[in-house]
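# A structural walkthrough
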Amino acid sequence: MNTVKDLLSGHFKNSYGVEGMDITGRSDWKRIVPVSDEMKNHVLADVKKAFYKYGGMSGGNKSEEDAYYDKIHNYIKSVNQQERSAVGWTLSQLHLDLTNAVNSAVKEKMPSWTPGQSIPSEVLDEIFASERITSIMSGQSGAAENAALRTDRVEISEEGRLAAQQTQNENDEEVSEKQGGNVAVNVGKRARQIAAAASKEQVQQVLALLQNDMSECKAGLEQGMCDEAEIAKVEALLNQANSRLSQVPNAADLENPQDALNAFAMASLM
């Protein structure tokens, strides 16, 4: 909460009382900066909890989320004010990179797995001990390397791929809408993708995108760029997608797979 003194002096704070987090009209905050090993491990512990306890989902436990973000906000307050927004971005990207890497690794070992389903602890033990995760933790792979995981993977014609790439290039962030320094999930697009998904494989693509949306919105919440209502929207979309998953066949069982592919591609481009 900003006091009159804060407003008059220009010392603006976000909703968590952290000064130096206003990103309006700025782009320099989207950069990876050094963070402490303690905070890296704090992020890793949250990702582990999501997979071991909730099958790759957030879990919706408010007290757990508050404890996670309280530690991050306290850490951000302890660093130089000019670096605070970049530190928040770095930690959110670390969370996103780890989540994407674990999602991919689980799918490789359990192709039929979908977010929310339990994962054997021995599978997760092996994944979290792998070089894929340790390299991210040591800083050898980062947001730039994993950015491709945040784009829609749709197997369509060459013309469709070019159109998808053009659409991606025209938007600063395809997954989330950012307007006036705020983060908002693109609910309309995700709902269209869920409705257009005609096979389990297509629904799983949407579920992966929604997991990225959740990470983006959590990062926005962390930096005061959105509220819990956005996270609730993603949770609702995840429920819709999981419900859709039980209603559609495998791609191999579709009568007109190309028509389904084209319809899903169009929904992803809109």
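See the structure printed just above.
Here we summarise the structure given alongside this text. Note that this is a predicted model, so its numbers are computed, not measured. (Residues numbered from 1 in each chain as written. Predicted model: local features only at pLDDT ≥ 70, side-chain atom pairs only at ≥ 80, totals over all residues. Heavy atoms only, no water.)

### Here we look at the pattern of salt bridges
Think of it this way: side chains of opposite charge can pair up when their charged atoms draw near. Formally: The term salt bridge refers to a side-chain nitrogen of Lys or Arg lying within 4 Å of a carboxyl oxygen of Asp or Glu. Numbering of helices and strands runs from the N terminus, with a helix taken as a DSSP run of H or I at least four residues long and a strand as a DSSP run of E at least two residues long. Each residue gets one of three labels from its accessible area relative to the maximum for its type: buried under 20%, exposed over 50%, partly exposed in between, using a 1.4 Å probe on protein chains only.
Following the criterion strictly, the structure yields nine salt bridges and no others. Note that Lys49 is salt-bridged to Asp46, the shortest N-O span being 3.1 Å. Of this pair, Lys49 and Asp46 both sit in helix 2 (residues 37-54), separated by three residues, roughly a single helical turn. Judged on exposure class, the residue Lys49 and its partner Asp46 are both buried. Among the salt bridges present, the one from Glu230 reaches Lys233, with a minimum N-O distance of 2.9 Å. Here the residue Glu230 and the residue Lys233 both occupy positions in helix 11 (residues 228-245), the gap between them amounting to three residues, near one helical turn. For Lys233, a relative accessible area of 37% corresponds to the partly exposed category. Each of the salt bridges in this network shares a partner with another, and the network as a whole consists of Asp46, Lys49, Lys53 and Glu64.

### Here's the deal with empty space enclosed by the protein
For clarity, the threshold we go by: Method remark: on a 1 Å grid restricted to protein atoms, a set of points is classed as a cavity if a 1.4 Å probe fits but cannot get out and as a pocket if it is open with protein on both sides within 12 Å along at least five of seven lines; lining residues have an atom within 4 Å of a point. Grid points are joined across faces, edges and corners, and a volume is the space filled by probe spheres set on the points.
Evaluated as defined, the whole model comprises three cavities of 30 Å³ or more. Estimated volume of the largest cavity: approximately 150 Å³. Going through the elements one at a time, helix 2, helix 4 (84-109) and helix 10 (200-222) are the ones with two or more residues in the lining of the largest cavity. With six residues, the top contributor of residues to the lining of the largest cavity is helix 2.

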